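# Summary of structural features
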Amino acid sequence: MKHYPLASAILLLLCFSAHAQTAPDDGQAKDGVYFNLFFDFTFRYPKDWVFHDEAINERIRERAKKEAANSGASSELKNTYLLFTVSHHPRGTPGLTLNPTIFAVAENITPAPKNYNGKDYLLEIRPLQVKTGARPLLNEPVEFRVAGLQFFRDDYSAEVKGVSIRKAFFVTISKGYALAFTFTGEDQKSVDEMAQAM
């Protein structure tokens, strides 16, 4: 029997690459639907909204790094992945006081205590939200079931540059990550309408 070392090596490489792990931010959007390969979920964002490309997401990451450094929370960003951002209007549209936005992030929380859930995560980030001027609207995060998964929701109001905003965070724990969806709008009604996409 003949041996072909080069063919064997190529075959092994193909086998390993076929089973290679995906990264948490390994996703794509098409026709109003974002699909994430790592977490195996889809998210249908509102019709006619703008899915942000990688260049805009990179600017958002840089801004988040600066804000985290200013608030003393820069270490938390090391294990955080921006999955997607969408907004009602293109960024920079003139005449808008607020551009409603949805974004999703995944934060590596390993090692997390046993039975750690989205409520625990939301309670941990509350002090950071309060430090930025946001005010919690709920006594504590409330549980929601979405597609059979346990999520927890926490709502905030804030004022940014003189504009009142509302934010709703939905968090679940998956594969050692806190998977968080944030909906930002001008009032509770608009945030609730966006959250229906969940």
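What you see is a predicted model; the values in this text were computed from it and never measured.

### Topic: helix α3 (residues 118–131)
The end-to-end C-alpha distance of α3, which contains 14 residues, comes to 20 Å, matching closely the 20 Å that a straight helix rising 1.5 Å per residue would cover. Where α3 bends most, the angle comes to about 35 degrees, and this point is Ile125, followed within four residues by the proline Pro127. The inward-facing, buried residues of α3 contact β6 (101–108), β7 (135–136), β9 (149–160), β10 (163–174) and β11 (177–185). Sitting at the amino-terminal end of α3 is Asn117, which places a side-chain oxygen 3.0 Å from the backbone nitrogen of Lys119. Within two residues after α3, Gly133 carries a phi angle of roughly 100 degrees, on the positive side.

### Concerning the pattern of salt bridges
One pass over the full model with this rule turns up six salt bridges. The shortest N-O distance in the salt bridge between Asp154 and Arg126 comes to 2.8 Å. Of this pair, Asp154 sits in strand β9 while Arg126 sits in helix α3, and the two are 28 residues apart along the sequence. For the pair shown, Asp154 and Arg126 are each scored as buried.

### Re the environment of Gln28
By the element assignment, Gln28 lies in strand β1 (residues 27–30). Remark: the alpha-carbon pair of Gln28 and Leu83, spanning 55 residues in sequence, is separated by 9.1 Å. Ignoring anything within four residues of it in the chain, the contact list for Gln28 reads Val33, Tyr34 and Phe35.

### Some points on unusual backbone geometry
Put simply, Thr110 and Pro111 share a cis peptide bond, and its omega is -5 degrees. Topologically, Pro111 is positioned in the loop between β6 and α3. Phi is positive for Asp48, close to 70 degrees, though the residue is something other than glycine. For Asp48, the location among the structural elements is in the loop between β3 (41–44) and β4 (50–51). For Asp48, a relative accessible area of 65% gives the class exposed.

About the thresholds
- Residues numbered from 1 in each chain as written.
- Predicted model: local features only at pLDDT ≥ 70, side-chain atom pairs only at ≥ 80, totals over all residues.
- Heavy atoms only, no water.
- Helix = DSSP H or I, 4+ residues; strand = E, 2+ residues; numbered from the N terminus.
- Expected span 1.5 Å × (residues − 1).
- Bend = angle between axes of the 7 residues up to and from the residue.
- Contact = heavy atoms within 4.5 Å.
- Polar contact = N/O pair within 3.5 Å; in protein donor to acceptor, adjacent residues only side chain to side chain.
- Salt bridge = Lys/Arg side-chain N within 4 Å of Asp/Glu carboxyl O.
- Buried < 20%, exposed > 50% of the residue type's maximum accessible area, 1.4 Å probe, protein only.

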